[in-house]
Amino acid sequence: MADEYKSADQAPLVTLSTGSLYTYGLARTFELMQGSAFDGVEIIVDNRWDTRQAEYINSLTAQWGIPVRSIHAPFGTISEMGSDYPSTLKATIRLAEEVGARTVVIHPISRSAPDLAQWLHANLADLQAQTRVLLTVENLPRKLIKRLGILQRDFHEFWHPDAMRPFAALTMDTTHFGVSQIDILAAWQQLHATVQHIHLSDEYNGREHLYPGEGTLPLADFLGALGRSRFGGIVVVELHPFALHAGRSDEKVRDRIHQAAAYCRQHLAVTGAARVPEAQPSR
Ligand SMILES: [Zn+2]
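None of the values given here were measured: they were computed from a predicted structure. (Residues numbered from 1 in each chain as written. Predicted model: local features only at pLDDT ≥ 70, side-chain atom pairs only at ≥ 80, totals over all residues.)

> Honestly, the confidence of the model for the chain in this entry has me stumped. Any pointers?
Looking at the chain, pLDDT values average 91 and 91% of them are 70 or higher. Counting contacts from residues 1–8, a segment whose pLDDT is below 50, to residues more than four positions away or on other chains yields 12 contacts. Note that residues 272–283 has pLDDT below 50 and, in this model, 15 contacts with residues that lie over four places away or in other chains. (pLDDT = per-residue confidence, 0-100. Contact = placed C-beta atoms within 7 Å.)

So this is what it looks like as structure tokens:
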């Protein structure tokens, strides 16, 4: 794939995370997306073979005409992919290369390697030098540890924009900043030079990965800020399946998928032309 990581003249790609319908099989997710205005998918790798066999994934892309633009690394070690988390991560990068994805999303904390962050600080630059797939690190929701019923300390620091600064390329997750009480517009101002990838979803009262526009985050203004700054990365709609009404009729789910893509395009494009003054947010 000849795409550059960031191109000032290109509108960002808008894609759907397969995690948004993880309660369905991967093939059905591709089928439900057909005809939508999404430019492709982000595949979240988990313990289902469907999510990590390149040949099968490439056959879905060929069948439905939906490219894989990015790969989300698994949350923990998957034994068939490697004996520890770093080797699982390396296998994920190989998978991204084999399916033609341009970006990999990494959580700096993994279920099976709580000290992953240290490993990333020491090794990520080397890992990046060995692949043309862009390796991005994602901000995570704040998690406090309780002791004797009292909130004691942070389990990790990756809920805060300052902790994300040392990484060369970031995935900015709006809902994770939202539940961590971080203003997403301020975080974008602070981090935009290194943000290459967006996970977009809404948040309401601690509930994560809600449908865009159905929570309290200023997502329309945020997308407008991306548009105005000529963001050239990928905007991935990453929802909980309930946000797409998974389990109801296919028609309803398709409708929700279509409207989510339209929401992103509308707000990226309308305010991208700088017709909406900064001082007068649209909502
Ligand atoms: Zn995310």
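From this point, the discussion proceeds with the structure in view.
> It is not clear to me how the sheet that holds strand E4 (residues 103–106) should be interpreted in this structure. Could you clarify?
Strand-to-strand pairing in sheets goes through backbone hydrogen bonds, with the strands running parallel or antiparallel. Taken in spatial order, the eight strands of this closed barrel run E1-E2-E3-E4-E5-E8-E9-E12, and their pairing is parallel. Shown here is a sheet whose adjacent strand axes are inclined to one another by a mean of 30 degrees, direction ignored. Here strand E3 (residues 68–72) pairs with E4 via three bridges, running parallel. Bridge pairing in E4 places His 72 opposite Val 105. The sheet contacts of helix H3 (residues 85–98) involve E3 and E4, and relative to E4 the element is tilted by about 155 degrees. (Pairing = 2+ DSSP bridges. Helix = DSSP H or I, 4+ residues; strand = E, 2+ residues; numbered from the N terminus. Axes fitted to C-alpha atoms, helices over the stretch in contact; angles between N-to-C directions.)

> Would you take a moment to explain the nonpolar core for this structure?
Nonpolar side chains in soluble globular proteins tend to be buried together. Core analysis: the largest hydrophobic core is formed by 74 residues, its most contacted members being Ile 71, Ala 96, Val 104, Ile 106, Val 235 and Cys 264. With six residues, the single largest contributor to this core is helix H8 (residues 219–228). In this structure Ala 96 touches Ile 71, Ala 101, Val 104 and Val 133, once residues within four positions along its chain are discounted. (Core = buried A, V, L, I, M, F, W, Y, C linked by C-beta atoms within 7 Å. Buried ≥ 20, exposed ≤ 12 C-beta atoms within 10 Å, placed from the backbone.)

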